[in-house]
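Take a look at the letters that make up each chain.
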Amino acid sequence: MAANRPLVAGNWKMNGLAAALAELKALQERLAEHPAPEADIMVFPPATLLAQARYALRGSDILLGAQDCHIAASGAHTGDLSAEMLADVGASAVIVGHSERRADHAETDALVKAKASAAHRAGLTAIVCIGETAEERRDGAALEVVGRQLKGSLPDRARASDTVIAYEPVWAIGTGLTPTPEDVAEMHGFIRRELGLLAESAEAWALRILYGGSVKPGNAGELLSVPNVDGALVGGASLKAADFYAIASIYAGNTRRR
Ligand code: PGA
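Residues numbered from 1 in each chain as written. Predicted model: local features only at pLDDT ≥ 70, side-chain atom pairs only at ≥ 80, totals over all residues. Heavy atoms only, no water.

Quick notes on the packing of helix H9 (residues 217-224) against helix H10 (residues 241-248)
This is how it is decided: Helix axes are fitted to C-alpha atoms over the stretch in contact, other axes to C-alpha atoms as well, and angles between N-to-C directions run from 0 to 180 degrees. Helix numbers and strand numbers start at the N terminus; a helix is a DSSP run of H or I with at least 4 residues, a strand a run of E with at least 2. Note on angle classes: values under 35 degrees are labelled roughly parallel, values over 145 roughly antiparallel, values of 65 to 115 roughly perpendicular, and the remainder oblique. Each crossing gets its handedness from the near helix: less than a right angle anticlockwise from the far helix is left-handed, clockwise is right-handed. Contacts: residue pairs with any heavy atoms within 4.5 Å of one another. In this classification, the charged set is Asp, Glu, Lys and Arg, the nonpolar set is Ala, Val, Leu, Ile, Met, Phe, Trp, Tyr, Cys and Pro, and all remaining amino acids, among them Gly, are polar.
With their axes 9 Å apart at the nearest point, H9 and H10 run at an angle of 20° to one another. On the basis of the axis angle, H9 is roughly parallel to H10. Regarding H9 and H10, the two cross each other, and that crossing is right-handed. Where H9 abuts H10, its residues Pro-217, Ala-220 and Leu-224 lie against Asp-243, Ala-246 and Ile-247. For the contact of H9 with H10, the per-class residue count stands at five nonpolar, no polar and one charged.

Take a look at the structure:
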């Protein structure tokens, strides 16, 4: 992935049987017909489809990622997948610390950091998710919570070429609700400044910061033009090629702002 390009990432979550690969084909066709938007395009199907997705996407610029990984490279961890296995099947990135995993599997910042480090060990880009709940925002604690998650989850020596931050307010995921552009600008500016302070490597301030949470074709233009928003992590709207392509098309003609 080119670290200086926006990234539009589609997280399928626990959706998609083999028939859903037709959407990948459709996405590939759209991207082939209309010159690729000035962005990296990445899809994160369920692990069961990674091998077939790799085959379906051969010859295309669409990148493949996985939704989670274990911290170990191998061993007695029934049902888990290592970052090395994901790299082996063709993934070039893995999402870690998604709020659904933090909530459903009690994942802590320390575990998320260890997973991001495991991703790096295997040569994968780590997409590190952070974001506050509705209650935390109501209490005026959004910046504090996100700052704490960032500090606790950021892997050592994170660089723009191997680490991406995804800011996803929990209350915006799958709800149709989104923060105002002003709130997004405030949070992304805050994350950018914190990266500059936290990071050991001089280039860490330049990590891409994605916005995620109810990104749709209708609101992507507004959300993705906010300063310090370097792309989107898209859930529901990534399941249909037409919608996902419409979101990625925001970057056609290199309209990126920073
Ligand atoms: P959503 O999910 O776009 O369906 O809100 C975003 C995400 O969880 O990454």
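That covers the picture; the talk isn't over yet.
A short note on the environment of Ala-206
Positionally, Ala-206 belongs in the loop between helix H8 (181-198) and strand E7 (208-212). Sequence-wise, Ala-206 and Asn-228 are 22 residues apart; in three dimensions their C-alpha atoms are separated by 9.7 Å.

Some remarks on the nonpolar core
The condition that has to hold: By convention a nonpolar core is built from buried Ala, Val, Leu, Ile, Met, Phe, Trp, Tyr and Cys residues, the set being connected through side-chain atoms within 4.5 Å. Buried means the residue's accessible area, taken with a 1.4 Å probe over protein chains only, is under 20% of the maximum for its type, while exposed means over 50%, and partly exposed covers the values in between.
In this structure, Val-8, Leu-27, Ile-165 and Ile-191 are the most contacted members of the largest nonpolar core, which totals 66 residues. Residues within four places of Ile-165 in sequence aside, it is in contact with Val-128, Ile-130, Leu-150, Leu-154, Ile-191, Leu-195, Leu-207, Arg-208, Ile-209 and Leu-210. Listed in part, the twelve residues of the second largest apolar core include Ala-9, Ile-127, Val-164 and Leu-233.

Let's talk about helix H1 (residues 21-33)
The condition is simple: Each residue after the first adds 1.5 Å to the expected span of a helix. It is the directions from the helix axis to the C-beta atoms that the arc portrays.
In this model, H1 (13 residues) spans 19 Å end to end at C-alpha, consistent with the 18 Å of a helix rising 1.5 Å per residue. Residues Leu-21, Leu-24, Leu-27, Gln-28 and Leu-31 constitute the buried set of H1. The arc that holds the buried residues of H1, viewed along the axis, is 110°, so those residues lie on one side. Along its buried surface, H1 packs onto strand E2 (40-44), helix H2 (50-56) and H10.

Digging into the site of the ligand
Operational definition: Being near a molecule or strand, for a residue, comes down to having at least one heavy atom within 4 Å of it. As used in this structure description, the phrase polar contact means that two N or O atoms lie within 3.5 Å; if the pair is within protein, one of them must be able to donate a hydrogen and the other to accept it, and residues adjacent in sequence are counted only when both atoms belong to side chains. Exposure was quantified through the Shrake-Rupley algorithm and a 1.4 Å probe, taking into account, for residues, occlusion by the shown protein chains and nothing else.
As a matter of local geometry, the ligand sits amid 13 residues, with Lys-13, His-98, Glu-168, Gly-174 and Ser-214 nearest to it. In this structure, Lys-13 approaches the ligand through a side-chain N or O atom, which is 2.7 Å from an oxygen atom. Within the side chain of His-98, an N or O atom sits 2.7 Å from an oxygen atom of the ligand. A total of 280 Å² of accessible area belongs to the ligand in isolation, and the protein chains cover 97% of it. Across the shell around the ligand, the residue classes tally to four nonpolar, seven polar and two charged.

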